[in-house]
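Residue-level structural notes
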Amino acid sequence: MSERPFSDWLREQCADEWTGVVTHPFAMAINDGTVPDDAMRRYLEQDFQFVDSFTALLGAAVACADSFEARVPFGRFLGQVATTEEKTYFHRALAELGGRAEVAPEPVTADFRRLMDEARASQDYALIVAVLCVAEWTYLGWASRAVEPLPESFVHREWIELHDGVEFRGWVRFLRGELDRLGAGMDEPRRREVLGVFARAVELERRFFDMAAG
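All values derive from a computational prediction rather than experimental measurement.

**Looking at the overall build of the chain**
- Along its length, the chain carries 11 helices and 0 strands.
- What you see in the chain, going N to C, is helices and strands ordered as α-α-α-α-α-α-α-α-α-α-α.
- For the chain, the spread of C-alpha atoms along the three principal axes comes to 50 × 35 × 30 Å.
- Across the 214 residues that make up the chain, the buried fraction comes to 50%.
- Within the chain, contacts between residues separated by at least 24 positions form 83% of all contacts whose residues are at least 6 apart in sequence.
- For the chain, the accessible surface area stands at approximately 9,700 Å², while carbon and sulfur atoms represent 50% of it.
- If you average the places of the 24 positive and of the 37 negative side-chain charges in the chain, the two averages end up 3 Å apart.

**Things to note about the environment of Pro105**
- If you trace the backbone, Pro105 turns up in the loop between helix H6 (68-97) and helix H7 (107-122).
- Between the C-alpha atoms of Pro105 and Met186, which are 81 residues apart in sequence, the distance is 36 Å.
- If sequence neighbours within four positions are ignored, Pro105 has contacts with Gln46, Ala110 and Arg113.

**Section: the nonpolar core**
- Ranked by size, the top nonpolar core spans 81 residues in total, and within it Met40, Tyr43, Leu44, Phe74, Trp142, Trp159 and Phe198 carry the most contacts.
- With 16 residues, the top contributor of residues to this core is helix H8 (residues 125-143).
- Contact partners of Tyr43, with chain neighbours within four places excluded, come to Phe26, Ile30, Tyr139, Trp142, Trp159, Phe208, Phe209 and Ala212.

**Some remarks on helix H3 (residues 25-32)**
- Residues Phe26, Ala27, Ala29, Ile30 and Asn31 constitute the buried set of H3.
- Along its buried surface, H3 packs onto helix H2 (15-22), helix H4 (37-48), H8, helix H9 (154-162) and helix H11 (188-213).
- Looking at the residues trailing H3, positive phi occurs at Gly33, about 75°.

**Considerations on the packing of H4 against H11**
- Put simply, H4 and H11 touch, their axes get as near as 9 Å, and they point 145° apart. Considering only the axes of H4 and H11, their crossing is right-handed. Where H4 abuts H11, its residues Ala39, Arg42, Tyr43, Gln46 and Asp47 lie against Phe208, Phe209, Met211 and Ala212.
- A per-class count over the contact of H4 with H11 returns 6 nonpolar, 1 polar and 2 charged.

**Focus: the packing of aromatic side chains**
- A complete count under the given rule lists 23 aromatic pairs for this structure.
- Arranged with centres 5.9 Å apart and planes meeting at 15°, the rings of Tyr139 and Phe209 form a pair that is stacked. Of this pair, Tyr139 sits in helix H8 while Phe209 sits in helix H11, and the two are 70 residues apart along the sequence.
- Among the aromatic residues, those joined into a cluster by ring pairs are Phe26, Tyr43, Phe48, Phe50, Tyr89, Phe90, Phe112, Tyr139, Trp142, Trp159, Phe208 and Phe209.

**With respect to H9**
- Most of H9 sits out of view: 7 of its 9 residues are buried.
- Within H9, burial applies to Phe154, Val155, His156, Glu158, Trp159, Ile160 and Leu162.

**Some words on the packing of H4 against H9**
- The geometry of H4 relative to H9 is characterised by a closest axis approach of 12 Å and an angle of 40° between their N-to-C directions. Comparing the axis directions of H4 and H9 gives the class oblique. As H4 packs across H9, the resulting crossing turns out to be left-handed. Of H9, the residues touching H4 (which contributes Met40, Tyr43, Leu44 and Asp47) are Val155, His156 and Trp159.
- In the contact of H4 with H9, the residues fall into 5 nonpolar, 1 polar and 1 charged.

Conventions adopted
Per chain, residue numbering runs from 1 following the sequence as it is written. With pLDDT at 70 or above as the cut-off, local features in this predicted model cover only qualifying residues; side-chain atom pairs require 80 or more to be listed or tallied, and sums for whole chains, interfaces and linings still use all residues. Remark: hydrogens and water are excluded; side-chain values derive from all non-hydrogen atoms of the structure. Strands here mean DSSP runs of E at least two residues long; helices mean DSSP runs of H or I at least four residues long; both are numbered from the N terminus. The rule is simple: take the accessible area with a 1.4 Å probe, protein chains only, and divide by the maximum for that residue type; under 20% is buried, over 50% is exposed, in between is partly exposed. The contact rule is simple, with two residues in contact once any of their heavy atoms fall within 4.5 Å. Where accessible areas are quoted, they stem from the Shrake-Rupley method and a 1.4 Å probe; at the residue level, only the protein chains shown are allowed to cover. As used throughout, the charge tally considers Lys and Arg to be positive and Asp and Glu to be negative, leaving His and the chain termini uncounted. Here the site of a charge means NZ on Lys, CZ on Arg, CG on Asp, or CD on Glu. For our purposes a nonpolar core is just a set of buried Ala, Val, Leu, Ile, Met, Phe, Trp, Tyr and Cys residues, chained together by side-chain atoms within 4.5 Å. Helix axes are fitted only over the stretch in contact, all axes being lines through C-alpha atoms; the angle between N-to-C directions runs from 0 to 180 degrees. By definition, any crossing whose near helix is turned counterclockwise from its far helix by less than a right angle is left-handed, and any crossing with a clockwise turn is right-handed. The residue classification treats Ala, Val, Leu, Ile, Met, Phe, Trp, Tyr, Cys and Pro as nonpolar and Asp, Glu, Lys and Arg as charged. All others, Gly included, are polar. Here a Phe, Tyr or Trp ring, Trp counted by its six-membered ring, pairs with any other such ring whose centre lies within 6.5 Å, and the pair is stacked when the planes are under 30 degrees apart, edge-to-face when over 60, and tilted otherwise. Each angle is binned into one of four classes, with values under 35 degrees roughly parallel, values over 145 roughly antiparallel, values of 65 to 115 roughly perpendicular, and all other values oblique.

Put into structure tokens, the structure is as follows:
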């Protein structure tokens, strides 16, 4: 393997899908504040269906991390963001849009939730980090493309801010760093195993935005 970071290598292997996520028309419309209320409601209703599986996956990362230093950021994010700021945003935004927290999952939502649950059940730290990294890094990818002034509606503006700020950038940097650290000791079959999960998550992110766009 070359000297480049493992996380960069993973992203490069699915570059087309990755670009399709971070430049997706629906994501760019969030940045512009031009997503119609009914489409934004449906998108957030479906995204909220990940909260439980995502929280459980963070818990698995705390349990499976190979050092105390690695456990701390997962625990901090679990406590301060996933169960507080972001969940509060969902309730406020869905109330504003007339949405519901409990809806039937779309097929891609069910598929993505299944991937999170599979990674959690595997108790395989590298696979857990791969799924988390895709979920967070791709969202930073599109949210960081927003330009000032951000949309006036808090539904759009705060969703962007949740995924592009100093703390969130540090969180993504930590996830990438963990993949880079773990990847340095992997043989080729193991790298390919992690890539399989990483690429599957990227594909699901793109499909999720496709679903949202209708």
